[in-house]
Amino acid sequence: MNRSFKLPILWCSCVTLIAISLLCPAASADEDGQDLLSIFGNADMNDRIDEADATYVQAVIDGMSKATKLSDANIDGRIDSQDIERINEIIRGEETELTVSDSIGRNVTVSLPVKSIIALGTYRNEAAKILKAQDMMVGVSSDIKEGYYYQDLADKPAVGTWSAPDSEAIVKLKPDIVITSANLDRATLLEESLRPAGIAVLGLDLYREDIMRSEMRTLGFILDKNEEADEYLQWRGSYDQAIHDYVAGLNEYPKLDSEWILKENPDVIIKLLAPGGGKAGWNSTKEADQVLNGYLEERPGWSNLDASKNNRVHLLSTEIAWGPDGIVGLAYCTAWLHPEMDIDPEKIYREYLEQFLEVEYPEGAVLGYPVTA
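Below: a short report on this structure. Per chain, residue numbering runs from 1 following the sequence as it is written. Per-residue local features are limited, in this predicted model, to residues with pLDDT of at least 70; the limit for side-chain atom pairs, both in listing and counting, is 80 or more; totals at the level of whole chains, interfaces and linings are taken over all residues. Calculation of side-chain values draws on the structure's entire complement of heavy atoms; hydrogens and water are dropped beforehand.

1. Concerning the pairing of strand β8 (residues 200-203)
- Here β8 shows no split at all, with Ala 200 and Leu 202 on one side and Val 201 and Gly 203 on the other all buried.
- In this sheet, β8 lies alongside strand β7 (residues 177-180) in parallel orientation, the contact comprising four bridges. Bridging across to β8, Val 178 finds its partner in Val 201.
- Crossover handedness for the path β7 to helix α6 (residues 184-194) to β8: right-handed. Only protein chains enter the area calculation, which uses a 1.4 Å probe; residues under 20% of their type maximum are buried, those over 50% are exposed, and those in between are partly exposed. Only runs of H or I of at least four residues qualify as helices and only runs of E of at least two qualify as strands under DSSP, and these elements are numbered from the N terminus. By this definition, two strands are paired if DSSP reports at least two bridges between them. Orient the strands so they point away from the viewer; a crossover is then right-handed if the path from the first strand over the helix to the second runs clockwise.

Here it is as structure tokens:
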């Protein structure tokens with residue numbers, strides 16, 4: 001069976017044109033450390049802290065193994081028996097704090113148990129909901145108010161936007177931790193303003209495919225939501241792995257421009273676009289068709305491309321293009337590029353909403369168009 005096209009397949013965003021193969025997982029979690037639990041004490045650098053970590057630290061002490069970045073469990077600059085003691089405390093659930101290596105490379109110490117949080121931005125709030133941490137959320141960023149994923153959080157106090165949070169409002173709500181994006185300047189500024197109140201700030205993106213599994217697992221550990229994190233990661237992994245196995249032979253492509261597109265005449269074009277208004281997608285196939293045709297009409301010569309003639313120019317909602325629900329966008333792309341593969345994006349999205357966000361499926365919404373060629 002031929003699993004590739006004779007001509008490139010294009011992923012069209014507002015700024016660049018990127019090959020669709022970049023969306024596909026490059027390797028399984030076990031191969032590239034995507035499941036890393038980024039907690040100090042996870043000396044053997046896998047997805048858990050257990051007796052094997054204490055054994056590994058002892059091997060480091062004995063000169064039999066090399067120290068890893070998470071071997072210094074108590075963060076005192078030495079690898080010794082105290083690190084083994086700290087690991088055993090974590091295993092027994094007796095630890096009073098954890099130190100996290102967040103996605104900016106900062107070491108953040110969090111006092112336990114964490115009872116209250118504020119998550120800034122859609123991806124962080126989405127992750128918190130997946131972990132069933134709604135009851136822990138004492139405030140939200142105002143930018144999620146319109147999102148249909150978060151109607152159950154609409155009554156929570158607003159603390160500014162994800163990019164410009166209101167530190168005074170946050171301090172009044174007294175969260176144990178605030179989860180912001182993995183931007184060093186933003187996290188540092190927020191940390192400095194919240195430090196006097198003893199509020200820890202974690203930088204986690206929760207949309208980047210290369211680190212999202214690690215971030216979700218780490219956040220689940222901090223919030224004592226390991227089972228919830230496992231359930232989501234196992235569910236998502238079942239689809240990720242099936243797609244990865246199927247498209248493993250695809251090559252990556254460079255960034256492209258319109259002139260190159262007209263010259264090379266691609267078989268498939270996928271346009272990424274935000275529906276707007278906090279919607280899941282477009283209200284109907286008629287609306288989606290109008291949006292897609294408008295996109296093509298703005299680009300001279302594109303109507304003559306094979307992708308246009310064969311009805312293989314597709315529209316994909318940014319709502320499902322990346323983030324915790326990004327597996328749905330990947331499923332749409334896989335279905336379009338490999339229609340012979342048995343994959344149902346709508347089924348996957350329904351499972352995601354009902355199983356993890358407890359949100360009703362938006363009947364009639366069009367998230368990918370046309371669904372088939």
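2. What about the layout of surface pockets?
- Its boundaries defined by the atoms lining it, the second largest pocket holds a volume of some 390 Å³.
- Surrounding the second largest pocket, 20 residues form its lining, Thr 122, Tyr 123, Gly 278, Thr 318 and Glu 319 being those nearest its centre.
- Gly is placed with the polar residues, together with every amino acid not listed as nonpolar (Ala, Val, Leu, Ile, Met, Phe, Trp, Tyr, Cys and Pro) or charged (Asp, Glu, Lys and Arg). For the lining of the second largest pocket, the residue count by class is eight nonpolar, six polar and six charged. Of the two site types, the cavity is a set of points on a 1 Å grid over the protein atoms alone where a 1.4 Å probe fits but cannot get out, and the pocket is an open set with protein on both sides within 12 Å along at least five of seven lines, each lined by residues with an atom within 4 Å of a point. Grid points are joined across faces, edges and corners, and a volume is the space filled by probe spheres set on the points.

3. With respect to the packing of aromatic side chains
- Aromatic rings from Phe, Tyr and Trp, with only the six-membered ring used for Trp, were paired whenever their centres fell within 6.5 Å, and each pair was classed as stacked if the ring planes differed by under 30 degrees, edge-to-face if by over 60, and tilted otherwise. Scanning the model with the defined rule gives 14 aromatic pairs in all.
- Centroid distance Tyr 295 to Trp 302: 5.9 Å. Interplanar angle 90°. Geometry classified as edge-to-face. Take Tyr 295 and Trp 302: they sit in the same class, and that class is buried.
- Joined through ring pairs, the aromatic side chains of Tyr 148, Tyr 149, Tyr 150, Tyr 232, Trp 235, Tyr 239, Tyr 352 and Phe 356 make up one cluster.
- Whether a charge sits over a ring depends on NZ of Lys or CZ of Arg being within 6 Å of the ring centre and within 35 degrees of the ring normal. Here Arg 299 stacks its cationic end above the ring of Trp 302, 5.9 Å away from the centre of that ring.
- The cationic tip of Arg 350 hangs over the ring face of Tyr 361; the distance from NZ or CZ to the ring centre is 4.0 Å.

4. Some points on the side chain of Arg 86
- As for its placement among the helices and strands, Arg 86 is situated in helix α3 (residues 81-92).
- Positive charges come from Lys and Arg alone, negative charges from Asp and Glu alone, with His and the N- and C-terminal ends not counted. By definition here, a salt bridge exists when the distance from a side-chain nitrogen of Lys or Arg to a carboxyl oxygen of Asp or Glu is within 4 Å. No salt bridge is formed by the buried Arg 86; its nearest oppositely charged neighbour, Glu 97, is found at 4.2 Å.
- Polar side-chain contacts of Arg 86 include one of 2.7 Å to the backbone oxygen of Glu 97.
- When checking whether two residues touch, look at their non-hydrogen atoms; a contact exists if any pair is within 4.5 Å. Each residue touching Arg 86, except ones within four places of it in the same chain, is listed here: Ala 73, Asn 74, Glu 97 and Leu 98. Identification of polar contacts relies on pairs of N or O atoms within 3.5 Å, with a donor-acceptor requirement for protein atoms, meaning one able to donate a hydrogen and the other able to accept it, and with residues adjacent in sequence counted only if both atoms are side-chain atoms.

5. Let's talk about the sheet that holds β8
- Strand order in the open sheet made by the four strands is β6-β5-β7-β8, with parallel pairing throughout. Because the sheet does not close on itself, it has two edges, and the strands there are β6 (137-140) and β8. Across the sheet, the mean angle separating the axes of adjacent strands is 20° when strand polarity is ignored.
- Bridge count for strand β5 (residues 117-119) against β7 is three bridges, and the pairing is parallel. All axes are obtained by fitting lines to C-alpha atoms, using only the stretch in contact for helices, and the reported angles, taken between N-to-C directions, cover 0 to 180 degrees.

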